[in-house]
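Chains, contacts and geometry: an overview
These are the residues of each chain, in order.
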Amino acid sequence: MNDQLNYLEQLEAESIYIMREVAAQFEKPALLFSGGKDSITLVHLAIKAFAPMKIPFPLVHIDTGHNFPEALQFRDQLAERIGAEIIVRNVEDTIRNKKLTEPKGKFASRNWLQTHTLLDTIEEFQFDACIGGARRDEEKARAKERFFSVRDEFGQWDPKLQRPELWDIYNGRINKGENVRVFPISNWTELDVWNYIRKEQIPLPPIYFAHDREVIEYDGQLIAVSDFIRIDATDEIIRKKVRYRTVGDMTCTAAVESTAETLDEVVSEITASRISERGETRIDDRVTEAAMEDRKKGGYF
């Protein structure tokens, strides 16, 4: 009998171990949920980690108001199906209450503003740990973080103050007002996530698979036509068969041309790709070379 775990089983075991460490070390954890494939995978891992009980922490969605409708519908259906508590807080409310200035322009993104809503939500519910689906292969700022990433009382992150994590020992000790962001799938790659989704047959929103959609081509990227972007007279609206590698806001997430309609076809497509999902499809990461790191230092997840 072969008792050796394959690589997906090893990744799963590591992530489940981290989930259980969160439940053991923290009083009020939460799982940040967007309706994207990584957070869906996290929910699946949490279900496995605590079965036959329900997930012992709520799902939290910071809703920018610019989401894909398919992701929002999936979010609500999933929460109802697994019997999870879901907390939704809206960036639009934060903009109004704090009198924040909305970004302007063709692809005006609220990504920078959602940090305010996230920090307010953490304070409102006194969360001491927030679980998220960031992976080290996505972006170089994310590659700097540990599994347990401490934030100060202002929600800020200092990349120079990282705790050692030797022998799978995770230090969740924090001072009053601080919190920890936890990344159980840090060691996974995009291809690992897709292979795991295929292995476990995890349902996903349909936008992850090839479908017809009206888009405009801008700077080499295909942006979905929506009420949230400005259509100029020079823009040509075209209909293409596309899918999404990552699901952020409609204002800052580009589609890729694709005919992949099944999990096997998506896995084959990702295997052949030489560009990261964020590098190919996230407009907001192109603002500056250090765009993601700057947002994380300010409290972004």
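Structural data are supplied above this passage.
Residues numbered from 1 in each chain as written. Predicted model: local features only at pLDDT ≥ 70, side-chain atom pairs only at ≥ 80, totals over all residues. Heavy atoms only, no water.

**Structural notes on unusual backbone geometry**
Leave glycine aside and you will find that most residues have negative phi; peptide bonds, for their part, are mostly trans. Applicable threshold: Working definition: helices are DSSP H or I runs of at least four residues, strands are E runs of at least two. Numbering for both runs from the N terminus.
Pro52 follows Ala51 through a cis peptide bond whose omega is 10°. By secondary structure assignment, the location of Pro52 is in the loop between α2 (37-50) and β2 (59-63). In this model, Gln126 sits at a positive phi of 60°, which is unusual for a non-glycine residue. Within the fold, Gln126 resides in the loop between α5 (114-125) and β4 (129-131). Here the phi dihedral of Gln201 falls at roughly 55°; this positive angle occurs in a residue that is not glycine.

**Quick word on the sheet that holds strand β7 (residues 211-218)**
This is how the line gets drawn: If DSSP finds at least two bridges between two strands, the strands pair.
On the basis of which strands lie adjacent, the open sheet formed by four strands has the order β8-β7-β9-β10 and antiparallel pairing. For this open sheet the edge positions go to β8 (221-224) and β10 (256-257), each flanked by a neighbour on one side alone. As paired elements, β7 and β8 share four bridges and run antiparallel to each other. Along β8, the bridge assignment pairs Ile216 with Ile223.

**Side note on the nonpolar core**
Selection rule: Throughout this description, the term nonpolar core refers to a set of buried Ala, Val, Leu, Ile, Met, Phe, Trp, Tyr and Cys residues connected via side-chain atoms within 4.5 Å. Only protein chains enter the accessibility calculation, which uses a 1.4 Å probe. A residue is then buried if its area is under 20% of the maximum for its type, exposed if over 50%, and partly exposed in between. The contact criterion used throughout is that any non-hydrogen atoms of two residues lie within 4.5 Å.
By size, the foremost hydrophobic cluster in this structure holds 57 residues, and its most contacted members are Met19, Leu31, Phe148 and Trp194. The biggest single contributor to this core is α2, with seven residues. Setting aside residues no more than four positions away along its own chain, Met19 makes contact with Leu31, Leu42, Leu45, Ala46, Ala49, Phe50, Phe57, Ile131 and Pro184.

**Observations regarding α2**
Quick reminder of the rule: Given a helix with a known number of residues, its expected span is that number minus one, times 1.5 Å.
Helix length check: α2, at 14 residues, gives a terminal C-alpha distance of 20 Å against a target of 20 Å (1.5 Å per residue), a fit within 8%. Burial runs high along α2: 12 of the 14 residues are buried. Among the residues making up α2, those that are buried are Lys37, Asp38, Ser39, Ile40, Thr41, Leu42, Val43, His44, Leu45, Ala46, Ala49 and Phe50.

**With respect to the pattern of salt bridges**
Which entries qualify depends on this criterion: Whenever a carboxyl oxygen of Asp or Glu lies within 4 Å of a side-chain nitrogen of Lys or Arg, that contact is scored as a salt bridge.
Scanning the model with the defined rule gives 21 salt bridges in all. A salt bridge links Asp137 to Arg135; the nearest nitrogen and oxygen atoms lie 2.9 Å apart. On the basis of relative accessible area, Asp137 is assigned to the partly exposed category, the value being 34%. Classification of Arg135 as buried rests on a relative accessible area of 1%. A salt bridge links Arg230 to Asp232; the shortest N-O distance between them is 2.8 Å. Owing to a relative accessible area of 25%, Asp232 belongs among the partly exposed residues under this scheme.

**Concerning the packing of aromatic side chains**
For clarity, the cut-off: Any two rings among Phe, Tyr and Trp, with Trp reduced to its six-membered ring, count as a pair given centres within 6.5 Å; such a pair is stacked if its planes are under 30 degrees apart, edge-to-face if over 60, and tilted if neither.
What the rule picks out here adds up to 10 aromatic pairs. Taken together, a centroid distance of 5.8 Å and an interplanar angle of 90° make the contact between Phe50 and Phe57 edge-to-face. You'll find Phe50 and Phe57 in the same group, each marked buried. Between the aromatic rings of Trp188 and Tyr196, the centroid separation amounts to 5.1 Å while the plane-to-plane angle is 80°, which identifies the pairing as edge-to-face. Look at Trp188 and you get buried, because its relative accessible area is 0%. With a relative accessible area of 0%, Tyr196 lands in the buried category. Of the aromatic side chains, those joined through ring pairs into one cluster are Tyr17, Phe26, Phe148 and Tyr170.

**Describing the sheet that holds strand β1 (residues 29-32)**
Just so we agree on the cut-off: Here an axis means a line fitted to C-alpha atoms, over the contact stretch when the element is a helix, while the angle between two N-to-C directions is reported on a 0 to 180 degree scale.
Taken in spatial order, the six strands line up as β3-β2-β1-β4-β6-β5 in an open sheet, and their pairing is mixed. In this open sheet, the two edge strands, each paired with only one partner strand, are β3 (86-90) and β5 (148-151). In this sheet, neighbouring strand axes are inclined to one another by 30° on average, regardless of whether the strands run parallel or antiparallel. The pairing of β1 with β2 spans two bridges and is parallel. Bridge pairing in β2 links Leu32 to Val60. Sheet strands in contact with α5 are β1, β2, β3, β4 and β6 (179-182), and its direction is about 135° off that of β3.

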